[in-house]
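# Coordinate inspection notes
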Amino acid sequence: MNGSSPMPSHPSRRRLLGWLGAGLVLPMASACRARPAPPKEVFPVQHSEAEWRRLLTPEQFYILREAGTERPFSSPLLNEHRKGTFACAADRQPLFASTTKFDSGTGWPSFWKPLPGAVGLRSDSSFGMDRTEVYCRRCGGHLGHVFDDGPPPTGKRYCMNGKGMIFLPA
């Protein structure tokens, strides 16, 4: 070959570089899709995966049963300002009073306090960071996360997936 045309890469070299690249990317990608560890708790409302899939919309299943997150500003509950109660979409467990809702500017419905005994909390280290997951105490459905940057009187921001909830007007 003359010096003007580059030599094609050897197939095994390309394969090796591909495996090395995958070795760097896959751990990060899998961490982003990591699901929280299954709860050790037994919940009063239980269904098989097939039953949950029949009872919930695909998006609700993704959020509540697979710990997914809706796109910011995509939930109709973000702009819900009537008096009433926000409840779990899976089992209608009342979760938050409308009087505790506030506009956090994040794109997800936010509350400064749940109803007594309505939610549980557990550690969530998905996405390579430590957070506190919020789940429904009756069915174990993933609702969102709680942060320490909310308004008085609690200083908490319960950042919830609106599509994992329903609104029950007063």
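Coordinates for the structure precede this section.
Residues numbered from 1 in each chain as written. Predicted model: local features only at pLDDT ≥ 70, side-chain atom pairs only at ≥ 80, totals over all residues. Heavy atoms only, no water.

The helix and strand tally for the chain stands at three helices and nine strands. Contacts in the chain between residues at least 24 apart in sequence constitute 56% of all its contacts with a sequence separation of at least 6. Counting only carbon and sulfur atoms, one obtains 59% of the accessible surface of the chain, whose full area is about 10,400 Å². (Helix = DSSP H or I, 4+ residues; strand = E, 2+ residues; numbered from the N terminus. Contact = heavy atoms within 4.5 Å. Areas by Shrake-Rupley, 256 points an atom, 1.4 Å probe, with all protein chains shown as cover.)

Residues P152 and P153 are joined by a peptide bond in cis, for which omega reads 10°. Along the chain, the position of P153 falls in the loop between β7 (142–147) and β8 (157–160). A positive phi is found at R92, a non-glycine position, where the angle reads about 65°. The topology assignment puts R92 in the loop between β1 (84–88) and β2 (94–97).

A separate point is the pattern of salt bridges. For the structure on display, the rule yields eight salt bridges. Salt-bridge contacts for K163 lead to E59; the nearest nitrogen and oxygen are separated by 3.4 Å. Of this pair, K163 sits in the loop between β8 and β9 (165–169) while E59 is found in helix α3 (residues 58–66), placing the two residues 104 residues apart along the sequence. Given the relative accessible area of 35%, E59 is considered partly exposed. D124 is the partner of R131 in a salt bridge, and the nearest nitrogen-oxygen pair spans 3.5 Å. For R131, a relative accessible area of 16% gives the class buried. (Salt bridge = Lys/Arg side-chain N within 4 Å of Asp/Glu carboxyl O. Buried < 20%, exposed > 50% of the residue type's maximum accessible area, 1.4 Å probe, protein only.)

Attention now goes to the sheet that holds strand β4 (residues 110–111). Taken in spatial order, the six strands make up an open sheet running β3-β4-β8-β7-β6-β5, and their pairing is antiparallel. Of all the strands in the sheet, just β3 (101–102) and β5 (119–124) have a single pairing partner and so form its edges. In the sheet, β3 pairs with β4 via two bridges, with the strands oriented antiparallel. Residue pairing in the sheet places K101 in a bridge with F111 of β4. (Pairing = 2+ DSSP bridges.)

Another point: the side chain of D91. Tracing the sequence through the fold places D91 in the loop between β1 and β2. On the basis of relative accessible area, D91 is assigned to the buried category, the value being 14%. A polar contact of 3.3 Å, which involves the side chain of D91, links it to the backbone nitrogen of C139. With residues near it in sequence (within four places) discarded, D91 still touches V45, C136, R138 and C139. (Polar contact = N/O pair within 3.5 Å; in protein donor to acceptor, adjacent residues only side chain to side chain.)

With that out of the way, let us pick up the pairing of β8. The alternating pattern of β8 places R157 and C159 and Y158 and M160 on opposite faces, both of which are buried. Inspection of the sheet shows β4 paired to β8 by two bridges, in the antiparallel sense. By the bridge assignment, S110 is partnered in β8 with C159. Across four bridges, the pairing between β7 and β8 is antiparallel. Each residue of the ladder has a partner; that of H145, found in β8, is C159.

With that settled, the discussion passes to α3. What sets the pattern is the α-helix's 3.6 residues per turn: residues three or four places apart point alike. Along α3, the positions that sit buried rather than exposed are Q60, F61, I63 and L64. Looking at the buried side of α3, the elements it contacts are α2 (49–55), β1 and β7. Downstream of α3 by one or two residues, A67 has phi in the positive range, about 60°.

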